[in-house]
6 protein chains.
Amino acid sequence: MQRIIDKARILTEALPYIRAFYDKTFVIKYGGAAMLDESLKASFATDVTLLRYIGLRPVIVHGGGPQIGEMLSRLGKETSFVDGMRVTDDETMEVVEMVLGGRVNAEIVSLIGRVGGKAVGLTGKDCGLLQVTRHVGADGRDLGRVGNPTRVDASLITTMTGSGFIPVIAPIGADEDGLGYNVNADMAAARIAQELGAEKLILLTDVEGVLDAGEKLRPRLDLEEARAALGDGSVQGGMIPKLVCCVESVAAGVTTAHIIDGRIAHALLLEIFTDVGVGTLVRAD
Amino acid sequence: MQRIIDKARILTEALPYIRAFYDKTFVIKYGGAAMLDESLKASFATDVTLLRYIGLRPVIVHGGGPQIGEMLSRLGKETSFVDGMRVTDDETMEVVEMVLGGRVNAEIVSLIGRVGGKAVGLTGKDCGLLQVTRHVGADGRDLGRVGNPTRVDASLITTMTGSGFIPVIAPIGADEDGLGYNVNADMAAARIAQELGAEKLILLTDVEGVLDAGEKLRPRLDLEEARAALGDGSVQGGMIPKLVCCVESVAAGVTTAHIIDGRIAHALLLEIFTDVGVGTLVRAD
Amino acid sequence: MQRIIDKARILTEALPYIRAFYDKTFVIKYGGAAMLDESLKASFATDVTLLRYIGLRPVIVHGGGPQIGEMLSRLGKETSFVDGMRVTDDETMEVVEMVLGGRVNAEIVSLIGRVGGKAVGLTGKDCGLLQVTRHVGADGRDLGRVGNPTRVDASLITTMTGSGFIPVIAPIGADEDGLGYNVNADMAAARIAQELGAEKLILLTDVEGVLDAGEKLRPRLDLEEARAALGDGSVQGGMIPKLVCCVESVAAGVTTAHIIDGRIAHALLLEIFTDVGVGTLVRAD
Amino acid sequence: MQRIIDKARILTEALPYIRAFYDKTFVIKYGGAAMLDESLKASFATDVTLLRYIGLRPVIVHGGGPQIGEMLSRLGKETSFVDGMRVTDDETMEVVEMVLGGRVNAEIVSLIGRVGGKAVGLTGKDCGLLQVTRHVGADGRDLGRVGNPTRVDASLITTMTGSGFIPVIAPIGADEDGLGYNVNADMAAARIAQELGAEKLILLTDVEGVLDAGEKLRPRLDLEEARAALGDGSVQGGMIPKLVCCVESVAAGVTTAHIIDGRIAHALLLEIFTDVGVGTLVRAD
Amino acid sequence: MQRIIDKARILTEALPYIRAFYDKTFVIKYGGAAMLDESLKASFATDVTLLRYIGLRPVIVHGGGPQIGEMLSRLGKETSFVDGMRVTDDETMEVVEMVLGGRVNAEIVSLIGRVGGKAVGLTGKDCGLLQVTRHVGADGRDLGRVGNPTRVDASLITTMTGSGFIPVIAPIGADEDGLGYNVNADMAAARIAQELGAEKLILLTDVEGVLDAGEKLRPRLDLEEARAALGDGSVQGGMIPKLVCCVESVAAGVTTAHIIDGRIAHALLLEIFTDVGVGTLVRAD
Amino acid sequence: MQRIIDKARILTEALPYIRAFYDKTFVIKYGGAAMLDESLKASFATDVTLLRYIGLRPVIVHGGGPQIGEMLSRLGKETSFVDGMRVTDDETMEVVEMVLGGRVNAEIVSLIGRVGGKAVGLTGKDCGLLQVTRHVGADGRDLGRVGNPTRVDASLITTMTGSGFIPVIAPIGADEDGLGYNVNADMAAARIAQELGAEKLILLTDVEGVLDAGEKLRPRLDLEEARAALGDGSVQGGMIPKLVCCVESVAAGVTTAHIIDGRIAHALLLEIFTDVGVGTLVRAD
């Protein structure tokens with residue numbers, strides 16, 4: 001009996017968070033291990049569905065790099081990376097659209113549907129959702145069909161969330177001519193969060209969070225600290241663009257941005273419903 | 001870390017119940033120990049508020065016998081009981097209205113408000129909510145201002161629940177002339193549940209539930225079994241009218257009716273969100 | 001026949017007022033003789049119901065001092081007054097909540113219900129309706145559970161009036177911890193009127209209105225005149241706080257505030273629907 | 001003072017009627033003396049506006065025979081009557097449309113507007129409001145552009161009344177080709193009342209009501225009595241079609257139909273808001 | 001087959017215009033030849049109905065000078081003009097109201113109804129739609145009941161267009177006392193367009209448009225050019241007030257104003273759905 | 001000038017069709033040449049967008065067989081057909097989902113977006129839109145992941161069309177476990193049309209329509225004739241299942257079903273907006 005009373009107590013501990021986040025929008029970048037491990041996939045789908053049922057508005061933006069890579073290799077198509085971005089010729093882009101917009105997106109929609117959520121698959125090409133310009137590399141180098149988000153038309157997303165659906169968005173943007181572009185999923189999620197005035201931007205990653213020089217997790221950064229960490233070289237590699245996304249989003253009005261460890265089951269719920277947190281939170285001050 | 005992962009798992013275990021009960025109405029008779037013990041009071045208020053936030057529609061009907069008795073004795077007013085009902089002369093009724101509609105009702109509203117729920121205190125006299133006729137005792141004996149519910153006008157309740165409020169109802173009814181009557185809270189809750197087509201009628205009591213001859217809890221009764229238990233004398237005393245309320249409600253379309261043990265913290269949540277249950281459930285078959 | 005034609009003419013004379021006040025909110029402090037005399041009670045209930053049916057939005061705030069006093073004396077509880085306010089210890093407050101929130105409030109709800117109005121009883125503790133801080137007497141003296149209104153959350157009231165209900169509010173406020181406080185009904189009504197941006201604040205009293213030095217009624221005061229009357233000592237005793245309520249309300253945007261003679265049958269209708277008026281009107285200029 | 005208290009009392013006496021008729025539709029045939037006498041015109045406009053403000057839904061259908069006759073004679077156009085209906089050639093119809101749809105209709109709209117009502121002038125040709133077939137006289141005689149109402153499309157009227165407007169309808173119908181026809185205003189009002197499921201059909205006339213053989217007013221007729229009166233010849237002349245309109249409307253579901261004396265000021269209010277009544281009421285039983 | 005493919009192509013060429021003008025309001029002054037020639041009348045009615053069905057909001061204001069003149073002469077009533085405006089004594093005004101508000105208005109409503117549009121006839125006297133002051137002639141000369149538009153209450157029009165109806169408005173205004181006035185239809189249309197914040201004001205005329213000194217059509221004028229044309233005498237006669245209406249409307253926020261040649265079948269559609277245009281367009285710059 | 005007048009006339013000829021089909025749903029199976037030829041693709045996108053703007057509700061279901069075949073061959077994956085259906089093993093299904101749900105669907109969304117339509121890409125896996133059971137071949141042969149539509153949940157589609165969007169649906173269904181299945185696009189479109197109670201089901205094909213024995217087009221078939229044609233062998237090959245889809249849809253309440261020649265530019269508009277029609281129409285009688 002004690003066990004089930006503990007259970008009830010845990011449910012009630014969630015109440016202050018449910019109250020605080022009621023009807024708020026959460027933009028979640030879904031990627032990495034959490035997209036590959038079967039058990040983590042199920043826990044993610046359950047978490048998102050639960051968020052929706054208790055009155056929050058989750059919006060998913062997913063990645064899919066490994067799945068793209070695998071299909072390219074099956075097709076015998078060579079591929080290269082510059083500054084962490086895949087050089088994307090027209091043929092590669094065709095594969096990107098198929099894999100992200102077709103297979104990966106549909107799989108996430110199914111995952112959520114199986115636990116009772118009403119998910120709808122979208123790509124950034126739907127209704128001008130994600131508008132981009134062609135990315136220009138650091139040295140003016142052209143990476144092909146790689147896009148930088150410029151404008152987000154959020155009306156389709158809010159129609160969805162307002163009717164109880166969970167949008168699942170593939171990070172493909174369109175330029176003015178409707179041509180598709182590969183977009184970094186973190187950047188897409190960040191821009192969408194900004195446009196929606198989201199409560200939280202949450203980036204699911206395969207690391208613990210932002211670490212300090214001594215490899216210790218920094219659980220909280222205000223904007224000043226985050227900018228300092230970017231400036232003094234203590235943050236490196238793939239973490240740099242992620243932290244930049246967080247900083248820009250918070251500066252643009254998103255209440256908090258999070259880089260969390262997607263390798264932990266139910267990382268989303270833990271982040272949202274406990275004080276512990278699982279990763280690094282960035283906020284204005 | 002394991003502890004907080006367990007925590008998240010428990011939250012997700014609630015998901016199927018949240019999905020199943022979304023937007024459904026739960027009429028809860030609040031009384032007994034759960035109204036007297038400070039810790040149980042807080043757990044009740046938290047449970048009800050949580051139900052509301054996650055999308056259910058709780059409606060509270062409360063008792064208040066002990067508080068009425070205490071005030072009558074402070075006023076030096078004698079009182080007597082017939083068939084478990086308080087003989088209620090006009091002076092006693094005045095005290096009943098004050099204590100139930102004033103003190104007890106307001107205290108419950110405060111309790112819920114303190115944990116963030118938006119509770120509104122009502123009595124059955126508001127807008128013809130609970131209409132009664134004068135009760136006639138078994139032998140034609142008049143018990144004074146004791147009323148039997150005849151009709152419920154639920155429009156005020158649904159206006160409230162439709163706007164996110166939690167109605168807290170004192171079991172005082174009015175006859176055709178607007179005169180107030182003392183109504184048994186279980187009966188009031190049962191009639192309101194029937195009118196609202198509630199998903200559940202839940203009676204919080206100070207006992208484990210319906211027991212069999214060997215004093216063992218009977219966790220589930222279908223209508224036939226419940227009627228048999230009432231007919232063969234295995235149910236006795238104060239449990240009889242409670243079980244009758246459950247049977248009548250289920251027969252009138254309430255999905256399930258519950259007699260649960262209010263002495264257990266978070267009994268409501270356990271009943272609603274786990275398969276264990278804490279008491280006796282009555283259902284059609 | 002002439003008689004019934006006169007009747008029709010009188011109805012049509014009300015038209016300009018009905019047009020002018022359509023959908024406007026009227027906060028009415030109900031107290032004094034109008035709450036004690038059976039015939040005046042009936043005329044008040046009819047007036048309020050009529051206002052509602054012809055499209056105005058009445059909101060009632062009631063007093064109940066005599067009824068509290070009577071119950072305290074029945075309970076053998078001594079009570080004292082400082083600056084016209086009842087010193088309210090915890091035990092007294094319990095009685096205040098019972099009498100105001102229970103008996104008096106319910107009686108007014110019944111009165112209105114009997115002539116066909118849909119009244120709902122509320123107290124300021126419902127949903128944070130009336131938030132208070134503990135009153136500090138002139139000389140720093142503590143009067144116990146006496147509260148000064150600080151904030152009004154009018155959402156519950158507007159939900160009610162928007163659905164055709166007449167809110168009847170007992171002047172009990174809550175502090176941050178949800179603890180109940182006795183609030184002066186005039187002050188409660190004034191604060192609620194200000195929050196609602198009411199068309200009129202109407203204080204029903206047992207006097208003719210504001211009198212001048214020669215004991216003659218002053219039918220109209222602009223803010224300057226009203227402040228002068230408060231400053232030069234021509235207004236005295238219990239009329240001072242009432243006039244202060246009117247001045248503050250008008251200064252805060254209530255179109256007109258009225259101190260009227262509740263001893264006259266249908267004083268409300270006369271005030272609202274005729275040019276004669278029955279008491280003193282305060283307006284900006 | 002007594003006089004103004006009487007005034008308030010009269011207002012409150014209207015309350016039960018206001019409650020009973022709230023949101024109900026009243027189709028009023030406006031014609032005869034009430035359209036010619038300046039004082040009666042003003043009293044009619046005031047009554048209708050008052051009805052609207054206190055929550056009823058008046059719909060006006062007006063006549064205009066005298067005004068048409070006067071214009072025809074100014075134009076030197078001869079005209080004749082058969083069975084009380086004007087023989088209407090194309091040239092006459094043109095005048096009918098101008099006078100009814102132009103001058104008379106606009107004057108009524110102005111009258112109501114001047115006392116604050118929001119009236120909108122319509123003719124039965126607007127949006128298929130009043131559809132007719134060509135009338136065939138008793139002996140197969142053709143009366144020209146005289147129409148019998150066949151179908152009413154009430155959507156325009158309900159759009160109007162639902163937005164707070166008072167429709168003022170000229171009794172001109174259209175056949176399938178959109179050609180205009182002169183329609184008897186009583187018949188038009190009756191058909192519109194039937195289509196709207198009106199609470200009351202009220203025909204303003206220049207007589208006291210239906211009289212019995214001894215020339216005494218018959219204040220109330222059930223359907224059986226009304227049909228008997230039509231059958232036994234006790235009702236004669238112009239009263240026959242009016243009573244037929246009432247009988248058909250009540251038989252089709254209009255709650256009550258009234259033939260009232262429009263020569264009395266405020267006849268409408270008296271009929272609606274007092275028990276006295278001013279004319280003959282027809283009801284189902 | 002080629003012919004019907006051409007047909008489809010023409011339909012699709014309208015798409016960019018339909019997209020651009022969706023839900024926008026078009027105020028159209030209907031007059032001149034387009035009101036007299038049977039074939040042009042039919043083409044006008046079809047055009048307006050088509051506009052409504054494809055999602056635009058047409059509002060018609062019509063003239064009727066010739067019809068008024070004809071009726072006055074049938075009545076043997078002399079009439080004179082000053083500065084292009086009819087001197088309107090009370091008797092003349094009566095005829096104006098009848099002819100414009102009765103015959104002409106009803107005919108347009110019928111025309112539109114016959115091709116399936118839901119038209120509703122209004123005059124500026126309905127619900128204070130068009131409020132005027134008495135016009136004073138250039139030399140202080142009184143022209144009688146000729147009015148200058150001062151205020152437009154557009155709520156009736158937007159109720160109509162919001163419910164899918166096409167308002168057809170006779171240019172009769174009312175002064176403060178509700179007295180009717182003859183208003184120039186161009187001016188009425190211009191004022192209504194301004195109040196509605198219309199996309200286009202379109203004046204149907206019997207000329208090609210604004211001509212230059214060489215009698216050549218000027219297809220486009222910005223505000224500066226239009227004012228210059230008015231100032232330098234190159235625009236003369238009846239075109240002056242029309243161009244003034246256009247200039248004032250564009251200055252007040254109407255996107256474009258058009259003086260088009262109503263003698264061309266489907267001039268409205270051509271103006272709205274092609275780049276060719278048929279007349280003179282005035283825009284801000 | 002004559003040319004542009006012809007243009008306007010053509011626009012107005014569409015009016016009766018626009019009126020008749022306003023707010024009606026059209027389910028269009030998009031496939032064949034119309035999906036491959038650049039000019040036909042553009043004409044299709046324009047047609048669909050035009051339909052939406054003028055108030056109809058198009059819903060697109062697309063095929064994609066050639067694109068799937070091409071990708072399979074690029075991947076070196078063999079494929080076979082049974083009864084015209086592709087045998088679909090798990091690996092093939094993965095490709096189907098990618099190609100249909102990713103590339104083809106996104107391309108159609110882009111096409112429509114480029115001409116200003118607001119298209120949203122969906123697959124039948126979104127929110128239980130298209131539920132299937134595993135297809136069993138004629139001789140009990142298993143074709144792998146080929147599904148027969150069983151149930152359609154249209155709520156997502158109607159949310160979309162109700163908000164002005166154009167749903168573009170890939171014919172992939174899900175079984176109870178959320179597993180994806182390849183569904184024949186004609187059958188998917190037919191089932192969706194039935195569930196939506198569509199006005200028209202339109203199948204775009206690469207043939208003229210249903211031909212008779214003499215290879216002459218049969219422009220119209222009632223249900224009896226269509227069933228006869230299926231029974232007597234005059235319809236053969238791929239036309240059989242298409243005609244079956246039409247018959248079943250009309251029998252289930254779709255007003256008309258069409259097999260049209262998608263090789264003609266603007267075939268959709270011609271079918272919907274002219275009396276000529278371009279193919280075979282099936283209707284109840």
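Structure's up top.
Residues numbered from 1 in each chain as written. Chains lettered and ligands numbered in written order. Predicted model: local features only at pLDDT ≥ 70, side-chain atom pairs only at ≥ 80, totals over all residues.

1. A few points about the overall build of chain A
Phase 1: Looking only at helices and strands, one finds 10 helices and 14 strands in chain A.
Phase 2: For a compact globule of 285 residues, the expected C-alpha radius of gyration is about 19 Å, and chain A comes in at 19 Å, within 12% of that figure.
Phase 3: Expressed along its principal axes, the backbone C-alpha trace of chain A runs to roughly 60 × 45 × 35 Å.
Phase 4: Scored against the burial criterion, the 285 residues of chain A give a buried share of 56%.
Phase 5: Long-range contacts, defined as pairs at least 24 residues apart, comprise 72% of the intrachain contacts of chain A with a sequence gap of at least 6. (Helix = DSSP H or I, 4+ residues; strand = E, 2+ residues; numbered from the N terminus. Rg over C-alpha atoms; globule rule 2.2 N^0.38 Å. Buried ≥ 20, exposed ≤ 12 C-beta atoms within 10 Å, placed from the backbone. Contact = placed C-beta atoms within 7 Å.)

2. Things to note about the interface of chain E and chain D
By a widely used convention, the size of an interface equals the accessible area lost when the partners come together.
Phase 1: Opposite the 31 residues of chain E that make contact, chain D presents 31 residues.
Phase 2: Of all the secondary structure elements, the ones that give two or more residues to the side of chain E that touches chain D are helix H5 (90–114), strand S5 (119–123) and helix H6 (155–162) of chain E.
Phase 3: Top element by residues in the side of chain E that touches chain D is H5 of chain E. It accounts for 12 residues.
Phase 4: In terms of residue class, the side of chain E that touches chain D is built from 12 nonpolar, 11 polar and eight charged. (Nonpolar A, V, L, I, M, F, W, Y, C, P; charged D, E, K, R; others polar.)

3. Some words on the packing of helix H7 (residues 185–196) of chain C against helix H9 (residues 239–251) of chain C
When two helices pack together, their arrangement is given by the angle between the helix axes and by the axis-to-axis distance.
All names here are of chain C.
Phase 1: Two numbers describe how H7 lies on H9: the axes approach to 9 Å, and their chain directions differ by 5°. Taken together, H7 and H9 sit at an angle that is classed as roughly parallel. Taking contact as the criterion, the partners of Asp186, Met187, Ala190, Ala193 and Gln194 in H7 are, on H9, Pro241, Lys242, Cys245, Glu248 and Ser249.
Phase 2: Split by residue class, the contact of H7 with H9 holds five nonpolar, two polar and three charged. (Axes fitted to C-alpha atoms, helices over the stretch in contact; angles between N-to-C directions. Parallel < 35°, antiparallel > 145°, perpendicular 65-115°, else oblique.)

4. Regarding the arrangement of the chains
Phase 1: Contact between chain C and chain F is absent, and the least distance between their C-alpha atoms amounts to 28 Å.
Phase 2: Where chain D comes nearest to chain F, the C-alpha atoms are still 15 Å apart, and the two do not contact one another.

5. Section: the environment of Ile10 of chain D
Phase 1: Take Ile10 of chain D: it is sitting in helix H1 (residues 2–13).
Phase 2: Sequence-distant contacts of Ile10 of chain D, that is, excluding residues within four places in its chain, are made with Lys7, Ile10 and Leu11 of chain C.

6. Points about the sheet that holds strand S13 (residues 256–261) of chain E
Paired through backbone hydrogen bonds, the strands of a sheet run either parallel or antiparallel to each other.
Residues and elements named next belong to chain E.
Phase 1: Strand order in the open sheet made by the eight strands is S5-S8-S2-S1-S11-S13-S14-S12, with mixed pairing throughout. Two strands close off the open sheet at either side, each with one partner strand: S5 and strand S12 (220–222). For this sheet the average axis-to-axis angle between neighbouring strands, irrespective of direction, equals 20°.
Phase 2: Looking at chain direction, strand S1 (residues 25–30) and strand S11 (residues 200–205) are connected through four bridges and run parallel. Bridged to Phe26 within S11 is Lys200.
Phase 3: Contacting S11, S13 and strand S14 (279–283), helix H9 (residues 239–251) crosses the sheet at an angle of about 155° to S13. (Pairing = 2+ DSSP bridges.)

7. As for the packing of helix H5 (residues 90–114) of chain A against helix H5 (residues 90–114) of chain F
Phase 1: Where H5 of chain A meets H5 of chain F, the axes come as close as 7 Å, and the angle between the chain directions of the two elements is 115°. It follows from the interaxial angle that H5 of chain A and H5 of chain F lie roughly perpendicular. Viewed along their axes, H5 of chain A and H5 of chain F form a crossing whose handedness is right-handed. Of the residues in H5 of chain F, those in contact with Glu94, Glu97, Met98, Val99, Gly101, Gly102, Arg103 and Ala106 of chain A of H5 of chain A are Glu94, Glu97, Met98, Val99, Gly101, Gly102, Arg103 and Ala106 of chain F.
Phase 2: Counted by class, the contact of H5 of chain A with H5 of chain F contains six nonpolar, four polar and six charged residues. (Left-handed = near helix turned anticlockwise from the far one by under 90°.)

8. Observations concerning the interface of chain C and chain B
Phase 1: Between chain C and chain B, the residue contacts involve 32 residues of the former and 32 residues of the latter.
Phase 2: When residues of the side of chain C that touches chain B are traced back to their parent elements, those giving at least two are helix H5 (90–114), strand S5 (119–123) and helix H6 (155–162) of chain C.
Phase 3: The leading source of residues in the side of chain C that touches chain B is H5 of chain C, at 13 residues.
Phase 4: Taken together, the residues of the side of chain C that touches chain B sort by class into 13 nonpolar, 11 polar and eight charged.

9. Digging into the relation of the copies chain E and chain D
Phase 1: Once chain E has been moved 0.0 Å along the axis and rotated by 180°, it coincides with chain D to within an RMSD of 0.0 Å. Such a combination of rotation and displacement between the chain copies is what one expects of a two-fold axis. Proximity to the rotation axis, assessed at the C-alpha, singles out Gly102 of chain E in chain E; its C-alpha lies 1.7 Å from the axis.
Phase 2: Interface overlap between copies: 100% of the residues of chain E at the interface are likewise at the interface in chain D, consistent with a symmetric, same-surface contact. (Least-squares fit on C-alpha atoms with pLDDT ≥ 70 in both.)

10. Quick notes on the sheet that holds strand S8 (residues 166–170) of chain C
Residue and element names in this part refer to chain C.
Phase 1: Taken in spatial order, the eight strands make up an open sheet running S5-S8-S2-S1-S11-S13-S14-S12, and their pairing is mixed. Two strands lie at the open edges of the sheet, namely S5 and strand S12 (220–222), each paired on one side alone. The mean angle between the axes of side-by-side strands here comes to 20°, regardless of whether they run parallel or antiparallel.
Phase 2: Judged from the six bridges that link them, strand S11 (residues 200–205) and strand S13 (residues 256–261) form a sheet pairing that is parallel. When the bridges of S13 are listed, Leu203 appears paired with Ile259.
Phase 3: Relative to strand S1 (residues 25–30), H7 is tilted by about 175°, and along the sheet it contacts S1, strand S2 (57–62) and S11.

11. Thoughts on the relation of the copies chain C and chain B
Phase 1: For the pair chain C and chain B, the best superposition has an RMSD of 0.0 Å and corresponds to a rotation of 180° with a translation of 0.0 Å parallel to the axis.
Phase 2: Interface residue correspondence from chain C to chain B reaches 100%, placing this contact among same-surface, isologous pairings.

12. Considerations on H7 of chain C
Residues and elements named next belong to chain C.
Phase 1: The terminal C-alpha atoms of H7 lie 16 Å apart, and with 12 residues this matches the ideal 16 Å at 1.5 Å per residue to within 8%.
Phase 2: Among the 12 residues in H7, 11 count as buried, and that is most of the element.
Phase 3: The set of residues buried in H7 consists of Ala185, Asp186, Met187, Ala188, Ala189, Ala190, Arg191, Ile192, Ala193, Gln194 and Leu196.
Phase 4: One or two positions beyond H7, positive phi appears at Gly197, with a value near 60°. (Expected span 1.5 Å × (residues − 1).)

13. Re the pairing of strand S7 (residues 142–152) of chain C
Phase 1: In this sheet, S7 of chain C lies alongside strand S6 (residues 130–136) of chain C in antiparallel orientation, the contact comprising six bridges. Its bridge partner lying in S7 of chain C, Leu130 of chain C is registered against Val152 of chain C.

14. As for unusual backbone geometry
Phase 1: The backbone of His266 of chain D sits at a positive phi, close to 55°, despite the residue not being glycine.
Phase 2: Within the secondary structure, His266 of chain D sits in the loop between strand S13 (256–261) and helix H10 (267–273).

15. Thoughts on the environment of Met98 of chain B
Phase 1: The residue Met98 of chain B is located in helix H5 (residues 90–114) in this model.
Phase 2: Judged by local crowding, Met98 of chain B falls into the buried class, with 26 C-beta atoms found within 10 Å.
Phase 3: Placed 18 residues apart in sequence, Met98 of chain B and Gly116 of chain B show a C-alpha to C-alpha distance of 26 Å.
Phase 4: Those residues in contact with Met98 of chain B that lie beyond four places of it in its chain are Met98, Val99, Gly102 and Arg103 of chain C.

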